[in-house]
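These are the residues of each chain, in order.
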Amino acid sequence: MGPAPFSDIGKRAKDLLTRDYNFDQKFTLTMSSNNGMGLTANGLKKDQFFVGDISTQYKTGGTTVDVKVDTGSSISTTVTLNEVLPCTKVALNFKIPDQKSGKLDMQYLHPHAAINSSIGLTSSPQLELAATLGNKDICIGAEVGFDSTTATLTKYNAAVGLNTPDFSAGLVLADKGEALRASYIHSVNPVIGATIAAEMTHRFSTYKNSFTIGSSYPLDPSTVIKTRYCDNGKISMLCQHEWKPKSLVTASAEYDRNNMDPTKFGLALTLKP
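Right, let's walk through the structure included here. Source: prediction; values computed, not measured.

Notes on the overall build of the protein chain
Across its full length, the protein chain holds one helix and 19 strands. On C-alpha atoms alone, the protein chain measures out to a radius of gyration of 21 Å, which is about the 19 Å that the 2.2 N^0.38 rule sets for 273 residues. Reported as C-alpha extents along the three principal axes, the dimensions of the protein chain are approximately 50 × 45 × 40 Å. Contacts in the protein chain between residues far apart in sequence, at least 24 positions, make up 26% of those at least 6 positions apart. Accessible surface for the protein chain amounts to roughly 16600 Å². Of this, 61% is attributable to carbon and sulfur atoms. Computed over 27 positive and 25 negative side-chain charges, the inter-centroid distance for the protein chain is 2 Å.

In structure tokens form, the structure reads like this:
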């Protein structure tokens, strides 16, 4: 019921415009048990190469442990503790064999504030802090990043978010003040779930504008059609069908009028027995 975290400002529009679009061959298999254990396998064939990962998740009480092994032979582990303090979540992340990848994240959610912080577990850590103030309808926030090795700011951004039952809008000053990004998503027909979204970015250094518009329309309770158009001439379309609960097949296509090979196709399969 409180304000959205800083990273969620504009996320609804971003998800409609980018989520599930895929122009390669992709599959996901997820299996879970009643004792809190889950197993997920992801695979992606891209540019004639196969990349993927296998991850497992175990939940017990307020603790969640995620372990992921990818085709690069790296092991990523995340240990999440909920309610260590009231309204607080703490996560420890590290990757093997990268000894400098350790990171501690903390999230605090309050009816009038949302705070996310991160610190690298090294002798010269990178620090990040993001905070929003307001409520579930309107919020204002900022984020900063600091590299203690060079004593420089790696990021400083600000944002304003507005949410209502019918629409959501976000205005983000990003890239250290070099870009202004506005996003908007509107529920055209809440009964059937028809939605439109748009995002526009202006870069102050080059005076260049870019935009993306898109839509989502459910053909029936199990099938969704999405469309997207970008100012760079790319037109995309997606059809996603839920053939059984939480199991999806998604077909994507993209036409690029500025490319010698203008059409791309992608197929993604998600299985959750």
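The structure having been displayed, the exposition proceeds.
A closer look at the pattern of salt bridges
According to the stated counting rule, one finds seven salt bridges in the structure shown. A salt bridge links E199 to K14; the shortest N-O distance between them is 3.1 Å. Here K14 lies in helix α1 (residues 11-18) and E199 lies in strand β14 (residues 194-203), a separation of 185 residues in the sequence. Judged by relative accessible area, which is 12%, E199 ranks as buried. Under the relative-accessibility criterion, K14 is labelled partly exposed at 34%.

Here's the deal with unusual backbone geometry
A positive phi angle, near 75°, is found at D20, a position not held by glycine. Mapped onto the secondary structure, D20 falls in the loop between α1 and β1 (25-32). Even without a glycine there, the phi angle at C87 is positive, about 65°. Mapped onto the elements of the fold, C87 is located in the loop between β5 (75-82) and β6 (88-96).

As for the environment of P221
The residue P221 is located in the loop between β15 (208-220) and β16 (223-230) in this model. On the basis of relative accessibility, which here comes to 84%, the residue P221 falls in the exposed class. Sequence separation between P221 and D175 is 46 residues; the distance between their C-alpha atoms is 40 Å.

Quick notes on the side chain of T80
Relative to the elements of secondary structure, T80 occurs in strand β5. Residues within four places of T80 in sequence aside, it is in contact with G62, T63, T64, K89, V90 and A91.

Considerations on the environment of D15
Within the element layout of this structure, D15 appears in helix α1. In this structure D15 comes out as partly exposed when scored by relative accessible area, which is 22%. When the C-alpha positions of D15 and A197 are compared, they lie 9.5 Å apart, and in sequence the two are 182 residues distant.

Some points on the nonpolar core
Judged by nonpolar contacts, F6, I9, A130, C139, A159, V172 and A174 together constitute the single largest core of seven residues. When neighbours within four sequence positions are excluded, F6 is seen to be in contact with A130, A131, T132, G141, A142, E143, N157, A158 and A159. Of all hydrophobic cores here, the second largest spans five residues; its members include L16, L17, I185 and A197.

Some thoughts on α1
In an α-helix, one turn spans 3.6 residues, which is why side chains three or four residues apart end up on the same side. Of all the positions in α1, only A13, L16 and L17 are classed as buried. Looking down the long axis of α1, one finds its buried residues gathered within 95° of arc, a one-sided arrangement. Against the buried residues of α1 lie β13 (179-189), β14, β15 and β16.

Quick notes on the packing of aromatic side chains
Considering all chains together, one arrives at two aromatic pairs under this definition. Considering the side-chain rings of F211 and Y229, the 6.3 Å spacing of their centres and the 50° angle between planes classify their relative orientation as tilted. With F211 in strand β15 and Y229 in strand β16, this pair connects stretches of sequence that are 18 residues apart. Its relative accessible area of 37% is what places F211 among the partly exposed residues. The residue whose ring lies beneath R228 is Y21, and the NZ or CZ to ring-centre distance is 4.1 Å.

Thresholds, definitions, all that
What you see as residue numbers is a count from 1 along each chain, following the sequence as written. pLDDT decides what is reported in this predicted model: residues at 70 or higher carry local features, side-chain atom pairs at 80 or more are listed and counted, and totals for whole chains, interfaces and linings draw on all residues regardless. For side-chain calculations, the full set of non-hydrogen atoms in the structure is used, while hydrogens and water are omitted. Helix and strand assignments follow DSSP, with helices taken as H or I runs no shorter than four residues and strands as E runs no shorter than two, numbered in order from the N terminus. Based on C-alpha atoms, the radius of gyration is set beside the globule rule, defined as 2.2 Å times the residue count to the power 0.38. Two residues qualify as a contact provided that any one of their heavy atoms is within 4.5 Å of a heavy atom in the partner residue. In short, Shrake-Rupley with a 1.4 Å probe defines the accessible areas, and a residue's cover is counted only from the protein chains shown. Residues counted as positive are Lys and Arg, residues counted as negative are Asp and Glu, and His and the chain ends are not counted. Charged side chains are reduced to one point each, which is NZ for Lys, CZ for Arg, CG for Asp and CD for Glu. A side-chain nitrogen of Lys or Arg and a carboxyl oxygen of Asp or Glu constitute a salt bridge if their distance falls within 4 Å. For every residue, the accessible area obtained with a 1.4 Å probe (protein chains only) is divided by the maximum for its type, and the residue is called buried under 20%, exposed over 50%, and partly exposed between those limits. Grouping buried Ala, Val, Leu, Ile, Met, Phe, Trp, Tyr and Cys residues that are joined through side-chain atoms within 4.5 Å yields what is termed a nonpolar core. The arc in question is traced by the directions running from the helix axis to the C-beta atoms. Aromatic pairs are defined between Phe, Tyr and Trp rings, using the six-membered ring for Trp, whenever the two ring centres lie within 6.5 Å; interplanar angles under 30 degrees are classed as stacked, those over 60 as edge-to-face, and all others as tilted. Here, over-ring charges are defined by two tests on the NZ atom of lysine or the CZ atom of arginine: distance to the ring centre within 6 Å, and angle to the ring normal within 35 degrees.

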